[in-house]
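# Understanding the architecture of this molecule
Here is what each chain is made of, one letter per residue.
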Amino acid sequence: MSAPLPCVVETENWVKSVIMKYNICPFARREVERKTIRYHAIELTQLKLVLQDFIQECLFLDDNPQVETTLVILPRGFEGFYQYLDLVDLATDLLYEQGYEGIYQLASFHPDYCFDGEPFDSASNYTNRSPYPTIHIIREASMEQALADYNEPETIPERNIAFAERKGSEFFVKLLEKCKSDEQ
């Protein structure tokens with residue numbers, strides 16, 4: 001078995017040392033501990049091929065119910081945030097076209113993630129900033145169950161933004177840099 005790609009290692013570091021450690025996603029810890037997160041890098045850059053690989057990952061999840069969720073990592077070709085958002089829109093449309101509405105939903109992460117109306121350097125953007133452009137494929141049934149078991153799930157984004165603003169952008173810049181180093 002070959003060593004994982006650096007983008008996979010760095011994304012896994014980010015999930016463990018940012019998302020899980022600081023409870024950005026309160027549902028991540030269980031899946032990290034159960035080892036049910038798949039990290040799938042698509043090194044292609046042509047939009048059509050990336051979307052084909054993306055839908056193959058949905059098929060993989062169909063055939064592997066023991067895998068709870070997939071983080072599709074795009075190390076090349078989608079560094080521009082708006083180009084990446086166009087890809088996310090196309091991937092969402094493709095889910096519907098392929099009959100996956102109600103089965104999978106997407107969450108998006110990017111090194112330059114910026115919420116609409118927020119300044120680029122706002123700390124709140126770091127709740128969705130990752131080492132690489134990443135599309136998270138989530139099983140809707142599992143998410144519905146997790147949300148039903150969580151007290152006041154609608155407060156998660158507000159809590160995360162408040163946490164990010166308390167810590168400040170520089171805190172998250174350093175965390176993301178550590179994900180790309182061996183200092184875990």
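Residues numbered from 1 in each chain as written. Predicted model: local features only at pLDDT ≥ 70, side-chain atom pairs only at ≥ 80, totals over all residues. Heavy atoms only, no water.

### Comments concerning helix α7 (residues 169-179)
For α7, the set of buried residues is Ser 169, Phe 172, Leu 175, Leu 176 and Cys 179. In an axial view of α7, the angular spread of the buried residues amounts to 120°, which keeps them on one side of the axis. Facing away from the buried side of α7, by more than 90 degrees, are the exposed residues Lys 174 and Glu 177. The inward-facing, buried residues of α7 contact α1 (6-20) and α6 (156-167). (Buried < 20%, exposed > 50% of the residue type's maximum accessible area, 1.4 Å probe, protein only. Helix = DSSP H or I, 4+ residues; strand = E, 2+ residues; numbered from the N terminus. Arc of directions from axis to C-beta. Contact = heavy atoms within 4.5 Å.)

### Quick word on the sheet that holds strand β1 (residues 37-41)
Spatially, 4 strands are ordered β1-β2-β4-β3 in an open sheet, and the strand pairing comes out mixed. Looking at strand neighbours, the two that pair on one side only are β1 and β3 (104-109), the edges of this open sheet. Ignoring strand direction, the axes of neighbouring strands in this sheet form an average angle of 20°. Of the pairings in the sheet, the one linking strand β2 (residues 69-73) to strand β4 (residues 134-139) comprises 5 bridges and is antiparallel in character. The partner of Ile 73 across the bridge, within β4, is Thr 134. The strands that α1 touches are β1, β2 and β3; relative to β1, the one it contacts most, it runs at about 145°. The strands touched by helix α5 (residues 140-148) within the sheet are β3 and β4, with β4 carrying the most contacts at an inclination of about 75°. (Pairing = 2+ DSSP bridges. Axes fitted to C-alpha atoms, helices over the stretch in contact; angles between N-to-C directions.)

### Quick notes on the layout of surface pockets
Of the voids in this model, the largest pocket is the one considered here, and its volume is about 950 Å³. Along the wall of the largest pocket there are 33 residues; nearest its centre are Cys 25, Phe 27, His 136, Ile 138 and Met 143. Broken down by element, the residue count for the lining of the largest pocket peaks at 5 residues, all from α5. Of the residues that constitute the lining of the largest pocket, the class distribution is 20 nonpolar, 9 polar and 4 charged. A volume near 240 Å³ is recorded for the second largest pocket. As for the second largest pocket, its lining consists of Pro 4, Val 8, Val 9, Glu 12, Lys 16, Glu 31, Val 32, Lys 35, Thr 36, Ile 37, Arg 38 and Tyr 39. Sorting elements by how many residues they give to the lining of the second largest pocket places α1 first, with 4 residues. Classifying every residue of the lining of the second largest pocket by side-chain character gives 6 nonpolar, 1 polar and 5 charged. (1 Å grid on protein atoms, 1.4 Å probe; cavity = no way out; pocket = protein on both sides within 12 Å on 5 of 7 lines; lining within 4 Å. Points joined across faces, edges and corners; volume = space filled by probe spheres on them. Nonpolar A, V, L, I, M, F, W, Y, C, P; charged D, E, K, R; others polar.)

### A short note on helix α4 (residues 81-97)
What sets the pattern is the α-helix's 3.6 residues per turn: residues three or four places apart point alike. With 17 residues, α4 ought to run about 24 Å at 1.5 Å a step, and its terminal C-alpha atoms sit 24 Å apart, in line with that. Taken as a whole, α4 has its buried residues at Phe 81, Tyr 84, Leu 87, Val 88, Ala 91, Leu 94 and Leu 95. Seen from one end, α4 has its buried residues packed into an arc of 130°, which puts them on one side. Residues of α4 that are exposed and angled more than 90 degrees away from the buried face: Tyr 82 and Glu 97. In the core, the buried residues of α4 are packed alongside α3 (47-63), β3 and β4. Where α4 terminates, the next one or two residues include Gly 99, which has phi positive at roughly 80°. (Expected span 1.5 Å × (residues − 1).)

Everything listed here is a matter of coordinates, which is why it stays silent on function.
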